[in-house]
Amino acid sequence: MNGNLYDLLAARFPADPVAPCLILPDGRKVSYGELESQSARYGALLKEAGLKPGDRVAAQVEKSPEALYLYLGCLRAGCVFLPLNPAYQRGEVEYFLDDAKPGLFVCRPEKLEEAQELAWAARVPLVHDLGERGDGSLVAAAAEMPDSFATVQSAGSDLAAILYTSGTTGRSKGAMLTHRNLAANAFVLHRYWGFRPGDVLLHVLPIFHVHGLFVATHCALANGSPMLFEPKFDARRALRLMREATVFMGVPTYYVRLLQEKGLTREAVAHMRLFISGSAPLLPETFAEFRERTGQTLLERYGMTEGGMFTSNPLEGERRIGTVGFPLPGTEVRVVGDADQPLPAGEIGQIQVRGDNVFIGYWQMPEKTQEEFTPEGYFRTGDMGRFDADGYLAIIGRNKDLIITGGLNVYPKEIEEAIDALPGVAESAVIGLPHPDFGEAVTAVVVRGKGGEGVSAEAIIAELKGRIAGFKVPKAVHFVGDLPRNAMGKVQKNLLRQLFAG
Ligand code: AMP
């Protein structure tokens, strides 16, 4: 059997080629038959341009149907898809091109000149552009290609994609994902979340990231379902579209924004069967408020670029607040101590994962890769967590976020929860800043909420003193209008550290 992910997905496409695959904002529909013929054209184009299986194709483009055809065309030609966040600036793109040495770089039309310069310097032989309205040289060239293409034979171990980690800490690393990695996760999630005939996915996530490109898209394709394929998330519009959709996947910020819409009612989401949240921590308030307003319980799951999804709350049964649920079938998840020894339920430790979905290593970083895997083949996620007695996993924070103050460990999440519970506080981020005595000083950055005008740093510190151990109480509290977040809703603590370090 061909281990090529495209073929594995296509085997599940609807028998009727006119069945809709993408439903676009202007009402235009792309059928599954068209998806096949378009991805064939892109596959043929890559082959004709001289790209061989294993060659990288970097794409820094806006979300569009053509961007999806390019991804699928890459799979079909055996090339390795390398999506880049359009927010990346010149210096960052320079690094990615130089590191990955793609055979083709696809850029946005307005960046063509810069892209050509960067490509020249990095010895990338070919550049095309692709605009968000299906314009650009890539589309013109693909249109000249035949509409059928024999998907190459791939082994499960062949590379399908390289995704650079979002880099909220340190230099971005290219996570190498194989056809087997992606297929394993796609089919497990499809089953675990109960995808069924009649499902319609509301797809508002970006497609340069694991969440939108793999988790969302693969589930819909594996189900032969239509996607309401939106260029970006707009809360009001999403609410309207929920009348025709059944499944929604979002980052926590999307749920916060939905809750700000008066139109978010039980009635407005009556057609929906499943709301999934992940990629960043979901606040318990958001979970509770969403349930109150809509009668629907958010399903929180946990994963990362380096392996897709690892755990999920169940479809049936209790979705436990503040947890990311159980290990997914086929993924082993353990919580370990500093010597990699498994810890019993209730204890906090590092989360490690192993399974067919877990990536095979970082591109051209054999040493880093070796460091990040245990001898038994578990990947060190860098996240800290704890299993409860019923087997639900809770994420306690990032390893690297851990603050060590006066030799004592402080998990920011615990302090953030204590601060968030104070009246007049909307949310907070807790970071460690260099301190001459303590090594690091616990520092809180707070966003005031409704009625919070009078909340002061002194008041927060005084309140916390009664609730948590003294060494955990922030030495300083700063106020900001908003916390800086990356495209996936993660708080960029590195920026906060820079801002307040002085
Ligand atoms: P990324 O590779 O960009 O998807 O980021 C992965 C990281 O996001 C994980 O290592 C976690 O730190 C975080 N993350 C993902 N899902 C969750 C979740 N449900 N709760 C808390 N953190 C999460």
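Analysis parameters
Residues numbered from 1 in each chain as written. Predicted model: local features only at pLDDT ≥ 70, side-chain atom pairs only at ≥ 80, totals over all residues. Heavy atoms only, no water. Near = heavy atom within 4 Å. Polar contact = N/O pair within 3.5 Å; in protein donor to acceptor, adjacent residues only side chain to side chain. Areas by Shrake-Rupley, 256 points an atom, 1.4 Å probe, with all protein chains shown as cover. Helix = DSSP H or I, 4+ residues; strand = E, 2+ residues; numbered from the N terminus. Nonpolar A, V, L, I, M, F, W, Y, C, P; charged D, E, K, R; others polar. Phe/Tyr/Trp six-rings, centres within 6.5 Å; stacked < 30°, edge-to-face > 60°. Buried < 20%, exposed > 50% of the residue type's maximum accessible area, 1.4 Å probe, protein only. Lys NZ or Arg CZ within 6 Å of the ring centre and 35° of its normal. Domains from an automatic or database assignment. Pairing = 2+ DSSP bridges. Axes fitted to C-alpha atoms, helices over the stretch in contact; angles between N-to-C directions. Contact = heavy atoms within 4.5 Å. Left-handed = near helix turned anticlockwise from the far one by under 90°.

Caption draft 1: Looking closely at the site of the ligand. Near the ligand, the surroundings consist of 17 residues, among which His-209, Glu-300, Arg-301, Thr-305 and Asp-383 are the closest. The side chain of His-209 places a nitrogen or oxygen atom 3.0 Å from an oxygen atom of the ligand. Backbone polar atom of Arg-301 to a nitrogen atom of the ligand: 2.8 Å apart, as the coordinates give it. Alone, the ligand offers 500 Å² of accessible surface; in the complex the protein occludes 93% of this. Among the secondary structure elements, those contributing two or more residues to the shell around the ligand are β13 (299-304) and β20 (393-398). Among the elements that take part in the shell around the ligand, β13 stands out by supplying 5 residues, more than any other. Tallied by class, the residues present in the shell around the ligand amount to 7 nonpolar, 5 polar and 5 charged.

Caption draft 2: Highlighting the packing of aromatic side chains. The tally for this structure, following the rule as stated, stands at 22 aromatic pairs. Geometrically, the ring pair formed by Phe-233 and Phe-248 is tilted, given 6.3 Å between the ring centres and 50° between the ring planes. A residue pair is termed long-range when its members are at least 10 positions apart, and Phe-233 in the loop between β10 (227-229) and α9 (235-241) and Phe-248 in strand β11 (residues 247-250) qualify at 15 residues. Side by side, Phe-233 and Phe-248 carry an identical accessibility label, which is buried. An aromatic cluster is built from Phe-233, Phe-248, Tyr-254, Tyr-255, Phe-275 and Phe-290, whose rings are joined through pairwise contacts. The positively charged end of Lys-63 is found above the aromatic ring belonging to Phe-229, 4.8 Å away from the centroid.

Caption draft 3: Just the domain arrangement of the protein, in detail. Domain annotation for the protein reports domain 1 (5-13 + 31-154) and domain 2 (403-500). Taking only C-alpha atoms, the centre of domain 1 and the centre of domain 2 are 43 Å apart.

Caption draft 4: Quick look at the sheet that holds strand β2 (residues 29-31). The sheet built from 9 strands is open, its strands ordered β2-β1-β10-β9-β11-β12-β13-β14-β15 with mixed pairing. Looking at the sheet topology across the chains shown, the edges are occupied by β2 and β15 (326-327). Here β13 pairs with strand β14 (residues 308-312) via 4 bridges, running antiparallel. Bridged to Arg-301 within β14 is Ser-312.

Caption draft 5: Representation of the sheet that holds strand β16 (residues 331-336) within the structure. Spatial strand order, β16-β17-β19-β20: 4 strands in an open sheet with antiparallel pairing. Edge strands, defined here as strands with exactly one partner in the open sheet, are β16 and β20. The mean angle between the axes of side-by-side strands here comes to 45°, regardless of whether they run parallel or antiparallel. Judged from the 6 bridges that link them, β16 and strand β17 (residues 349-355) form a sheet pairing that is antiparallel.

Caption draft 6: Highlighting the side chain of Asn-185. Tracing the backbone shows Asn-185 in helix α7 (residues 179-192). Non-local contacts of Asn-185, meaning those with residues more than four positions away in its chain, are made with Gly-307, Gly-308, Met-309, Leu-328 and Asn-357.

Caption draft 7: Examining the packing of helix α2 (residues 32-48) against helix α3 (residues 65-77) more closely. Axis separation between α2 and α3 bottoms out at 7 Å; the angle between their running directions is 60°. Considering the relative orientation of α2 and α3, their crossing is right-handed. Contacts from Leu-35, Glu-36, Gln-38, Ser-39, Ala-40, Tyr-42, Gly-43 and Leu-46 of α2 reach α3 at Glu-66, Leu-68, Tyr-69, Leu-70, Leu-72, Gly-73, Cys-74, Arg-76 and Ala-77. Along the lines of polarity and charge, the residues of the contact of α2 with α3 split into 10 nonpolar, 4 polar and 3 charged.

Caption draft 8: Representation of the side chain of Asn-486. Examined against the element boundaries, Asn-486 turns out to sit in the loop between β25 (476-480) and α15 (493-501). Using a relative accessible area of 14% as the deciding quantity, one classes Asn-486 as buried. Of the polar contacts made by the side chain of Asn-486, one reaches the backbone nitrogen of Met-488; its length is 2.9 Å.

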